[in-house]
Amino acid sequence: MAGPLPNEQLQTFKEVLQNQGPAAAAAMINAYLEEQDNIPLHIAVTGETGSGKSTFVNAFRGIDNMDENAAPTGCVETTMKVESYPHPQYPNVTLWDLPGIGTPNFPADKYLQLVGFERFDFFIIISADRFRENDVKLALEIQKMGKKFYFVRSKIDNNMREATRSQRDFNAEDTLKKIRDDCIKGLENQGIQSPQVFPVSSFDLHLYDFRLLMETLERELPAHKRDVLLLAMPIVNLEIINKKKEALQSKIKYLAAASALVAAVPIPGLSLAVDLTMLVDNAIVYKNTFGLDPKSLQSLADSGGVPLHDLRAEMKSPLALKEISREVVLNMLKVSVFHVASLAAEEVSRFIPVFGLAAAAAISYACTYRALTTILDMLAEDAQRVFKKALRLDTPV
């Protein structure tokens, strides 16, 4: 989450505020937030031919395999070179679809050098059945280089369907554990110590171990990269919605502080114009992060087998139901007597001698903080209702 300004930046901020004024200090806060929003995260997805790498890349990005921006998939090797696929909502997060290890153009002994090892934050090694010699060689080389790797056992949904047909007393948890344990034992026999294996289905991310994979990545990433991953994560349970909300909430104090500094500039109407732009921009970010944009909703409806209009019926906020604009935000704020009164008080306070601008700044901070928090709460609640409807969950929000 967005923590306090580092000590050196805090000292610089104080100097800017004292020497250049509130407008320059507000610009510094906005630059800090922009820097945090653009921290790069590079995820390498690799494995042998036909393991389901491209489908996993698409699923993580919330993109259907048929989408024009999807990584190409097929039953034969479709990734012939290193391909980058930015996240559609968070372009600073890039998934790299790597060619299968051990192919003629990418032999195992030169693989890391050829794919550009240094650029990646961590590796996900995918196999559709057992992890093989090349997978192990790759993992050991990655380990030597001091980077993290995770084994993903893909296409687990196929195995579960087969098990239901072949096992008299089928138990999903027991079957999943057996597959996981078999993979771990096989990797240990080939020299991997304490391998982390996650059986997943790229078509049903909310099932099996994808949630555990995301929790592990979040826990083991450096602190400054965690929010980057979290905000880009596909929503596979209600807990992720809450975590996304917490990450977005942690930035509101900075946005409100920037609003307060702009309010301290003695130009009538400037604060309101800046605040409205800020509210609109962040409302759009919140909506997209929670998967409430039209494209994400349609994808969720398709994957859940729920009519799109049923999902839309769960959205109560006007910000979720309409395209977000200044007019939509203003109309929402007009419902709040507190907010309207605060806007009026902020403008009037500018004309109070000596303490007027300080009062305007304090009012602007409170007003912006409350407005952003209200918007975030509304959209998070909509996301929870929509997700529960899509997965037919009965637990209350």
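Residues numbered from 1 in each chain as written. Predicted model: local features only at pLDDT ≥ 70, side-chain atom pairs only at ≥ 80, totals over all residues. Heavy atoms only, no water.

Colleague: When you look at the environment of P307 in this model, what are you seeing that I'm missing?
Modeller: Mapped onto the elements of the fold, P307 is located in the loop between α13 (294–304) and α14 (308–312). Here the alpha-carbon distance between P307 and A390, two residues 83 residues apart in the chain, equals 8.9 Å. (Helix = DSSP H or I, 4+ residues; strand = E, 2+ residues; numbered from the N terminus.)

Colleague: How should I be thinking about unusual backbone geometry in this particular structure?
Modeller: Glycine aside, the phi torsion of most residues is negative, and most peptide linkages are trans. With phi around 50 degrees, S194 is a residue other than glycine that occupies positive phi space. One non-glycine residue, Y208, adopts positive backbone phi at about 65 degrees. Positionally, Y208 belongs in the loop between β6 (197–199) and α8 (210–220).

Colleague: Got a minute to help me understand the pairing of strand β1 (residues 41–47) in this structure?
Modeller: Looking down a regular strand, the side chains alternate between one sheet face and the other. β1 sits mainly inside the fold: six of its seven residues count as buried. The sheet contact formed by β1 and strand β3 (residues 93–97) spans five bridges and is parallel. From the neighbouring strand, A44 faces β3, where its bridge partner is W96. As paired elements, β1 and strand β4 (residues 122–127) share five bridges and run parallel to each other. Bridge assignment links G47 to a residue of β4, and that residue is I126. (Buried < 20%, exposed > 50% of the residue type's maximum accessible area, 1.4 Å probe, protein only. Pairing = 2+ DSSP bridges.)

Colleague: Honestly, the layout of surface pockets in this entry has me stumped. Any pointers?
Modeller: To find the voids left in a structure, one rolls a probe of water-molecule size over its atoms. Roughly 1,200 Å³ of volume is contained in the largest pocket. Lining the largest pocket we find 48 residues, and of these A59, G62, I63, S299 and L300 sit closest to its centre. Counting only elements with at least two residues in the lining of the largest pocket, the list comes to α3 (53–60), α9 (223–232), α10 (238–249), α12 (270–289), α13 and α18 (356–391). No other element matches the eight residues that α13 contributes to the lining of the largest pocket. Taken together, the residues of the lining of the largest pocket sort by class into 22 nonpolar, 17 polar and nine charged. (1 Å grid on protein atoms, 1.4 Å probe; cavity = no way out; pocket = protein on both sides within 12 Å on 5 of 7 lines; lining within 4 Å. Points joined across faces, edges and corners; volume = space filled by probe spheres on them. Nonpolar A, V, L, I, M, F, W, Y, C, P; charged D, E, K, R; others polar.)

Colleague: When you look at the side chain of T55 in this model, what are you seeing that I'm missing?
Modeller: On the secondary structure map, T55 appears in helix α3. Not counting the four nearest positions on each side in its chain, T55 is found in contact with N65, T73, S202 and F203. (Contact = heavy atoms within 4.5 Å.)

Colleague: Sorry if this is basic, but what is going on with the packing of helix α6 (residues 156–166) against helix α7 (residues 172–189) here?
Modeller: Relative placement of two packed helices is described by the angle separating their axes and the distance separating the axes. Following both chains from N to C, one finds α6 and α7 inclined at 125 degrees, their axes separated by 11 Å at the closest point. As summarised for this structure, α6 and α7 are arranged oblique, according to the angle between their axes. Judged by the twist between their axes, the crossing of α6 over α7 is right-handed. Here I156, N159, M160 and A163 of α6 come into contact with α7, specifically with A172, T175, L176 and I179. Of the residues assigned to the contact of α6 with α7, the class counts are six nonpolar, two polar and no charged. (Axes fitted to C-alpha atoms, helices over the stretch in contact; angles between N-to-C directions. Parallel < 35°, antiparallel > 145°, perpendicular 65-115°, else oblique. Left-handed = near helix turned anticlockwise from the far one by under 90°.)

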